[in-house]
Amino acid sequence: MDDKELGLILKDLMSENLQERKRTRRWGIFFKCLGFTYLAGTLAVFTLYDPKNEADKYDSYTGVVTVRGEIKDDENTGYLTVNKTLRKAFEDEKTKGVIVAINSPGGSPVHSHQIYLEMQRLQKKYPEKPLYAVVGDLAASGGYFIAAGAKAIYADETSLVGSIGVTAAGFGFVGAMEKLGVERRNYTSGEHKSLLDPYSPEKADEVELWNAQLQRTHEQFIEAVKSGRGKRLKADTPNLFSGLLWNATEAKAIGLIDGFGSIETVARDVIQAEHLKEFNEEPNPLARLADRLGASIGAGLASGAVQSVQEAFNSQKLLGN
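Residues numbered from 1 in each chain as written. Predicted model: local features only at pLDDT ≥ 70, side-chain atom pairs only at ≥ 80, totals over all residues. Heavy atoms only, no water.

The protein is annotated in an unreviewed UniProt entry as Signal peptide peptidase SppA, 36K type, putative of Azotobacter chroococcum NCIMB 8003.

Here it is as structure tokens:
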């Protein structure tokens, strides 16, 4: 083979390699564009379609405000957010009635009380729009405090309600510090400035003072429940205000709730506006998409990890280890 033939062969090989690289590049561009189009389309669907807006095509609906989880000063269950959502529900001209859907173990007495007061205020301002509380799994302590502000309370037969009491808990590290040889140095101005300091021995007068504060808060809770429930509440029931939880069947018998039902049945049968509109603010479409993608990726990684561990375990068994 002479140099000319070798040159032609090398030229052909380089040409084929170049063509192959071009094809690979084109397919890469194609798949990138396809992926971008998919993401853009998915984002558009999330942006344009919001299931909460489904109710907007109807002449009337039941507004739903959800209180889920611990009641505290954050973006979901703090009174500023919940009360703002309640006002939006009542101010909507198509809202025929409002449901406060509660699934909460309780939380801040202040936030619970402020939501309770706003519920009562809005009912006076919009007497034509009834407000009902519907309990999910649990409406305990602050969760029930809120429920007591409604016109009536409904729950599933298996729900738990009540826990009308106040608690404050902590730890004491005095004994542990003594064993470790740690000396506590605490400088204050004011006899009770370090009230219930976990690193100092308890003082009988401070414990009595603290219990008195909790008792006052408990009395305010009891008064709010009595005011909200009125004559329906059998206030002479033993242990009613002791902090106990009650099954919904027992709760109905002693007047803690009015009947059994769900969000759907109360909207359909009591308010008589079966279509629901949720008024709680949701993350923007991009955030929702990111959450779902993150959940999908996380599930895939978890599944892969489990499969890898399983394969490794099976390999060890086959090797006799």
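A few words on the nonpolar core. Core analysis: the largest hydrophobic core is formed by 45 residues, its most contacted members being Tyr144 and Leu256. Those residues in contact with Tyr144 that lie beyond four places of it in its chain are Ala139, Ile153, Val161, Gly162, Ile164, Val225, Arg229 and Leu256. In terms of nonpolar packing, the next biggest core, distinct from the first, is built from nine residues, Tyr132, Tyr154, Val266 and Ala273 among them. (Core = buried A, V, L, I, M, F, W, Y, C linked by side-chain atoms within 4.5 Å. Buried < 20%, exposed > 50% of the residue type's maximum accessible area, 1.4 Å probe, protein only. Contact = heavy atoms within 4.5 Å.)

So, about the packing of aromatic side chains. A complete count under the given rule lists four aromatic pairs for this structure. For the pair Tyr116 and Phe145, a centre-to-centre distance of 5.5 Å together with 70 degrees between the ring planes defines the contact as edge-to-face. With Tyr116 in helix H3 (residues 109-125) and Phe145 in helix H4 (residues 142-147), this pair connects stretches of sequence that are 29 residues apart. In terms of burial, Tyr116 and Phe145 fall into one category: buried. Ring geometry for Phe145 against Phe221: centres 4.7 Å apart, planes inclined by 5 degrees, an arrangement best described as stacked. (Phe/Tyr/Trp six-rings, centres within 6.5 Å; stacked < 30°, edge-to-face > 60°. Helix = DSSP H or I, 4+ residues; strand = E, 2+ residues; numbered from the N terminus.)

Below, the discussion takes up the pattern of salt bridges. A side chain of one charge can pair with a side chain of the opposite charge if their charged atoms are brought near each other. Per the counting criterion, the structure on display carries eight salt bridges. In this structure, Glu281 engages Lys84 in a salt bridge whose closest nitrogen and oxygen atoms are separated by 3.5 Å. Pair noted here: Glu281 is in the loop between strand E8 (276-278) and helix H9 (285-318) and Lys84 is in helix H2 (residues 79-91), with a separation of 197 residues, a long-range link. Take Lys84: its relative accessible area is 45%, and that puts it in the partly exposed class. Note that Arg232 and Asp258 form a salt bridge whose closest N and O atoms lie 3.0 Å from each other. Of the two residues, Arg232 is situated in the loop between helix H6 (204-229) and strand E6 (245-247) and Asp258 in the loop between helix H7 (248-253) and strand E7 (259-260); the sequence distance between them amounts to 26 residues. Of the residues examined, Arg232 reaches a relative accessible area of 34% and is grouped as partly exposed. A residue is classified by how much of its surface remains accessible, and Asp258, at 25% relative accessible area, is partly exposed. (Salt bridge = Lys/Arg side-chain N within 4 Å of Asp/Glu carboxyl O.)

Moving on: the side chain of Thr66. Along the chain, the position of Thr66 falls in strand E1 (residues 61-68). Excluding residues within four positions of it along the chain, Thr66 makes contact with Ala101 and Asn280.

Burial along strand E4 (residues 152-155) is two-sided: the face carrying Ala152 and Tyr154 and the face carrying Ile153 and Ala155 are both buried. Taken together, the four bridges between strand E3 (residues 131-140) and E4 define a ladder with parallel strand orientation. Paired with Val135 across the strands is Ala155, a residue of E4. The β-α-β motif built from E3, the intervening H4 and the parallel element E4 has right-handed crossover chirality. Both E4 and E7 contribute to a ladder of two bridges, which runs parallel. Within E7, the position partnered with Ala155 by the bridge is Phe260. (Pairing = 2+ DSSP bridges. Right-handed = clockwise from strand over helix to strand, strands pointing away.)

Attention now moves to the environment of Asp137. Looking at the element boundaries, Asp137 is found in strand E3. For the pair formed by Asp137 and Ser159, sequence separation is 22 residues and the distance between their alpha carbons is 4.8 Å. In contact with Asp137, not counting residues within four places along its chain, are Asn103, Ser159 and Leu160. Here the side chain of Asp137 touches Asn103 through a polar contact of 3.1 Å, side chain to side chain. (Polar contact = N/O pair within 3.5 Å; in protein donor to acceptor, adjacent residues only side chain to side chain.)

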